[in-house]
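If you want the building blocks of each chain, they are given just below.
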Amino acid sequence: MRTGEIHRVTGETEVRVKLNLDGSGLCQVGTGVPFLDHMLHQIASHGLLDLEISAKGDTHIDDHHTNEDVGIAVGQALAQALAERRGIHRFGHFVAPLDEALVQVALDCSGRPHLSYGLQIPAQKIGSYDTELVKEFFAAVANNAGLTLHIRQLDGVNSHHIVEACFKAFARALRLAVELDPRRAGAVPSSKGVLERAGS
């Protein structure tokens, strides 16, 4: 099985992540940030990843450090699980509707981190969660997992719907990208850690 396990400790947070790419959507998370927990459940359920995440952070100040450090640890666990990235489809793309919201995510497990982010979220908060933290979460994941990640909002006016559609589209795109492709079983990693045959 392709798994990753990270224990990250900083002055503000302590985060533990266990991730199984070949899972069935099992999810046990507790970050102290309820809306983030809800979104992590979407990643597990729609990405068919098994996720165990626990985090303790300075949420009495705000959610920023916990949100970012969970994203960092998830990205590092994903990179660990992908290892040499041999034999995967590599690219993933999905467009997820949620009522009036429609969000497109395209990604490449290239080993080259990049985030292009195009959500326009009307509300500053969803519950107690600052919506500007959505971008921070995906930047942390992309930078630490080595993903080229493009997020586009095609429609939507409800902030909760927009963000949830984004997480669902990300999960589905990731699921497609990390799926093993038997035609690529003979591909070998280059010195850069990405597949030579895939092209750069």
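Just so we're clear, the structure is a prediction, and the values are computed from it rather than from any experiment. Sequence order as written defines residue numbering, which begins from 1 separately in each chain. Totals for whole chains, interfaces and linings use all residues, but because this is a predicted model, local features are given only for residues with pLDDT of at least 70 and pairs of side-chain atoms are given and counted only at 80 or more. The side-chain quantities take in all heavy atoms of the structure and omit both hydrogens and water.

Undergrad: Honestly, helix H3 (residues 133-145) in this entry has me stumped. Any pointers?
TA: An α-helical segment advances 3.6 residues per turn. Residues three or four places apart therefore align on the same side. Runs of H or I in DSSP of at least four residues are treated as helices and runs of E of at least two as strands, each being numbered from the N terminus. Under the convention used throughout, the expected extent of a helix is 1.5 Å for every residue step, that is, one less than its residue count. With 13 residues, H3 should reach 18 Å at 1.5 Å per residue; the first-to-last C-alpha distance of 18 Å fits that figure. The cut-offs for exposure are 20% and 50% of the maximum accessible area for each residue type, with area from a 1.4 Å probe on protein chains only; residues under the lower value are buried, those over the upper are exposed, and the others partly exposed. Among all positions of H3, only Leu133, Val134, Phe137, Phe138, Ala140, Val141, Ala142 and Ala145 are buried. Every residue pair with non-hydrogen atoms within 4.5 Å of one another is taken to be in contact. On its buried face, H3 sits against helix H1 (34-47), helix H2 (64-82), strand S7 (114-118), strand S9 (129-130), strand S10 (148-155) and helix H4 (159-178). Immediately beyond the C-terminal end of H3, within one or two residues, lies Gly146, with a positive phi of roughly 75 degrees.

Undergrad: I'm lost on H1 in this one. Help?
TA: Over its 14 residues, H1 runs 20 Å from end to end, which matches the ideal 20 Å to within 8%, given 1.5 Å per residue. Here H1 lies mainly inside the structure; 10 of its 14 residues are buried. One or two positions beyond H1, positive phi appears at Leu48, with a value near 50 degrees.

Undergrad: How should the side chain of His161 be read in this particular structure?
TA: Looking at where His161 falls in the secondary structure, it is placed in helix H4. According to the relative accessible area criterion, His161 is buried, its value standing at 19%. Among the polar contacts made by the side chain of His161, one reaches the side chain of Asp99 at a distance of 3.4 Å. Sequence-distant contacts of His161, defined by excluding residues within four places in its chain, comprise Leu98, Asp99, Glu100 and Ala101. Distance and chemistry together define a polar contact, namely a pair of N or O atoms within 3.5 Å, with one atom able to donate a hydrogen and the other to accept it when in protein, and with adjacent residues in sequence counting only for side-chain atoms on both sides.

Undergrad: Explanation requested: the sheet that holds strand S4 (residues 50-57) in the structure shown.
TA: Strand pairing in a sheet is mediated by backbone hydrogen bonds. Such pairs are either parallel or antiparallel. When DSSP finds at least two bridges between two strands, those strands are taken to pair. Across the sheet, which stays open at both edges, the four strands sit in the order S1-S2-S4-S3 with mixed pairing between neighbours. Two strands close off the open sheet at either side, each with one partner strand: strand S1 (3-9) and strand S3 (27-30). Each adjacent strand pair in this sheet contributes to an overall mean axis angle of 5 degrees, direction not counted. Here the axes come from fitting lines to C-alpha atoms, over the contacting stretch only for helices, and the angles between their N-to-C directions go from 0 to 180 degrees. Lying over the sheet, H1 contacts S3 and S4, oriented at roughly 160 degrees with respect to S3.

Undergrad: Where do I start with the packing of H3 against H4 in this structure?
TA: In a pair of packed helices, the angle between the axes and the distance between the axes together describe the arrangement. Contact geometry of H3 with H4 gives a least axis separation of 12 Å together with a crossing angle of 15 degrees. On the basis of the axis angle, H3 is roughly parallel to H4. The chirality of how H3 crosses H4 is right-handed. Residues Val134, Phe137, Phe138 and Val141 of H3 form the contact with H4, whose own contacting residues are Val163, Cys166, Phe167 and Phe170. Polar here means any residue outside two lists: the nonpolar Ala, Val, Leu, Ile, Met, Phe, Trp, Tyr, Cys and Pro, and the charged Asp, Glu, Lys and Arg; Gly therefore counts as polar. Class assignment for the residues of the contact of H3 with H4 results in eight nonpolar, no polar and no charged. Angles are sorted into four bins: roughly parallel if under 35 degrees, roughly antiparallel if over 145, roughly perpendicular if 65 to 115, and oblique for all others. Here a crossing is called left-handed whenever its near helix is offset anticlockwise from the far helix by less than a right angle, and right-handed whenever the offset is clockwise.

Undergrad: Teacher, can you tell me more about the nonpolar core here?
TA: The tendency in soluble globular proteins is for nonpolar side chains to be buried as a group. Formed by 57 residues in total, the largest nonpolar core has its most connected members in Val70, Val105, Leu107, Phe137, Phe138 and Phe170. Broken down by element, this core gets its largest block of residues, 11 residues, from H4. Note on terminology: a nonpolar core comprises buried Ala, Val, Leu, Ile, Met, Phe, Trp, Tyr and Cys residues joined through side-chain atoms within 4.5 Å.

Undergrad: Explain the pairing of S1 here, please?
TA: Across seven bridges, the pairing between S1 and strand S2 (residues 13-20) is antiparallel. In the strand pairing of S2, Thr3 is matched with Asn20. The turn joining S1 and S2, which pair antiparallel and follow one another in sequence, is formed by three residues.

Undergrad: Looking at this structure, how should I read the confidence of the model for the protein?
TA: How sure the predictor is of each residue is captured by pLDDT, a score from 0 to 100. Model confidence for the protein is summarised by a mean pLDDT of 93, while 92% of its residues fall at 70 or above. Of the regions scoring below 50 in pLDDT, residues 187-200 engages in 30 contacts with residues more than four places distant in sequence or in other chains.

Undergrad: I would appreciate a short explanation of the packing of aromatic side chains in the present structure.
TA: For any pair of aromatic rings, geometry is given as the distance between the ring centres together with the angle between the planes. Stacked, tilted and edge-to-face are the three classes applied to pairs of Phe, Tyr and Trp rings, where Trp contributes its six-membered ring and a pair requires centres within 6.5 Å; stacked means planes under 30 degrees apart, edge-to-face means over 60, and tilted covers the rest. Applying the stated criterion across every chain yields a total of five aromatic pairs. Relative to Tyr129, the ring of Phe35 has its centre 5.1 Å away and its plane inclined at 45 degrees; by these criteria the two rings are tilted. Here Phe35, found in helix H1, pairs with Tyr129, found in strand S9; they are 94 residues apart in sequence, far enough to count as distant. Tyr129 gets classed as buried once you look at its relative accessible area, which sits at 2%. For the ring pair Phe137 and Phe138, a centre distance of 5.4 Å and an interplane angle of 85 degrees mean the geometry is edge-to-face. Each member of the pair Phe137 and Phe138 is classed as buried. Taken together, the aromatic side chains of Phe137, Phe138, Phe167 and Phe170 make up a single cluster linked through ring pairs.

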